[in-house]
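Listed here are the chains, written in short residue letters.
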Amino acid sequence: MKEVENTVLNPCYLRVKKCCASCIHKQIKNDGSRVCPLNDKYVEPNEVCENWAMDYNTSQAGVCRGRIHQKEYLMFALAIRLGEGVEALRAKKKGEPAPESRTIESIRREYETDYGTTILLDI
C-alpha cells in the first residue's frame with residue numbers, strides 16, 4: 001500500500017479522500033484498528049491500495065432532495081442522532097420508555113440559527 005494525496009468525487013460531487021477509511025472493503029477490529037481483508041494486513045491512516053472502492057455511506061454523503069448539505073451540518077445531525085441512540089439504550093436498560101427523537105427539521109433549524117445555512121450546493 002502507498003500513501004495517497006488524491007481525492008475523488010462521490011455521486012453528489014462532494015470530494016472524498018481516496019484512502020482505506022472510505023473503502024468498501026475496510027474492516028474495523030474491536031480495538032479500533034483498521035484491517036484490509038483483501039491484503040490481510042493492518043492499515044495505517046491515509047493508506048490506499050489498487051482495490052479501493054468507495055463505500056456506500058461515503059457515496060451517499062450529501063444526498064437530500066436535490067441538495068447537498070455541508071459536511072459540518074451532516075456531522076452535527078449525526079452527533080445528535082447518536083446521542084439520542086445512547087439515551088434510548090440507557091432508557092431500555094432501566095426499563096423506561098425511550099425518549100422521543102427530534103425531527104430533522106428541528107435539528108436543521110437549530111444548526112441554521114447557530115451556524116447559518118446547511119446547504120453547500122443546490123442542484
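Right, let's walk through the structure included here.

### A word on a nonpolar patch on the surface
Turning to step 1, where the next piece is worked out: A cluster of nonpolar residues, Met-75, Leu-78 and Leu-82, forms a patch on the protein surface that exposes about 300 Å² of accessible area.
Turning to step 2, where the next piece is worked out: Within the fold, Leu-78 resides in helix 2 (residues 71-94).
Turning to step 3, where the next piece is worked out: Leu-78 gets classed as partly exposed once you look at its relative accessible area, which sits at 42%.

### Quick notes on the environment of Lys-26
Turning to step 1, where the next piece is worked out: Mapping Lys-26 onto the fold places it in the loop between strand 3 (15-17) and strand 4 (27-28).
Turning to step 2, where the next piece is worked out: You can call Lys-26 partly exposed: its relative accessible area is 27%.
Turning to step 3, where the next piece is worked out: Taking C-alpha positions, Lys-26 is 7.0 Å from Pro-37, a pair spaced 11 residues apart along the chain.
Turning to step 4, where the next piece is worked out: Apart from the residues lying within four places of it in its own chain, the contact partners of Lys-26 are Cys-20, Ala-21, Arg-34, Val-35 and Asp-55.
Turning to step 5, where the next piece is worked out: A polar atom in the side chain of Lys-26 sits 2.9 Å from the side chain of Asp-55.

### Quick look at unusual backbone geometry
Turning to step 1, where the next piece is worked out: The residue Asp-40 is not glycine, and still its phi comes out positive at about 55 degrees.
Turning to step 2, where the next piece is worked out: Inspection of the secondary structure assignment puts Asp-40 in the loop between strand 5 (34-36) and strand 6 (41-43).

### Points about helix 3 (residues 104-115)
What sets the pattern is the α-helix's 3.6 residues per turn: residues three or four places apart point alike.
Turning to step 1, where the next piece is worked out: With 12 residues, helix 3 extends 16 Å from end C-alpha to end C-alpha; this agrees with the ideal 16 Å at 1.5 Å per step.
Turning to step 2, where the next piece is worked out: Those residues of helix 3 not exposed but buried are Ser-106, Ile-107 and Tyr-111. The buried side chains of helix 3 occupy one side of the element, clustering within an arc of 135 degrees when seen end-on.
Turning to step 3, where the next piece is worked out: For helix 3, the secondary structure elements touched by its buried residues are helix 2.

Calculation rules
- Each chain carries its own residue numbering, running from 1 in the direction its sequence is written.
- Reporting of local features is limited, given that this is a predicted model, to residues whose pLDDT is at least 70; pairs of side-chain atoms are given and counted only at 80 or more, and all residues count toward the totals for whole chains, interfaces and linings.
- Note: side-chain values were computed over all heavy atoms of the structure, leaving out hydrogens and water.
- Each patch is assembled from residues with relative accessible area greater than 30% and no salt bridge, linking like charges that lie within 9 Å and nonpolar side chains (Val, Leu, Ile, Met, Phe, Trp, Tyr) that lie within 5 Å.
- In these tables, accessible area is a Shrake-Rupley quantity obtained with a 1.4 Å probe, and a residue counts as shielded only by the protein chains included in the view.
- For this analysis, a salt bridge means a side-chain nitrogen from Lys or Arg found within 4 Å of a carboxyl oxygen belonging to Asp or Glu.
- A run of H or I in DSSP counts as a helix once it spans at least four residues, and a run of E counts as a strand once it spans at least two, with each numbered from the N terminus.
- Categorising residues by exposure relies on relative accessible area from a 1.4 Å probe, with only protein chains included: less than 20% of the type maximum marks a residue as buried, more than 50% marks it as exposed, and the intermediate range marks it as partly exposed.
- Residue contacts are counted whenever heavy atoms from the two residues lie within 4.5 Å of one another.
- The definition of a polar contact used here is a pair of N or O atoms within 3.5 Å, where within protein one atom must be able to donate a hydrogen and the other to accept one, and adjacent residues in sequence count solely through side-chain atom pairs.
- Every helix has an expected span of 1.5 Å times one less than the residues it contains.
- This arc is built from the directions going out from the helix axis to the C-beta atoms.

What is shown is where atoms sit, not what they do.
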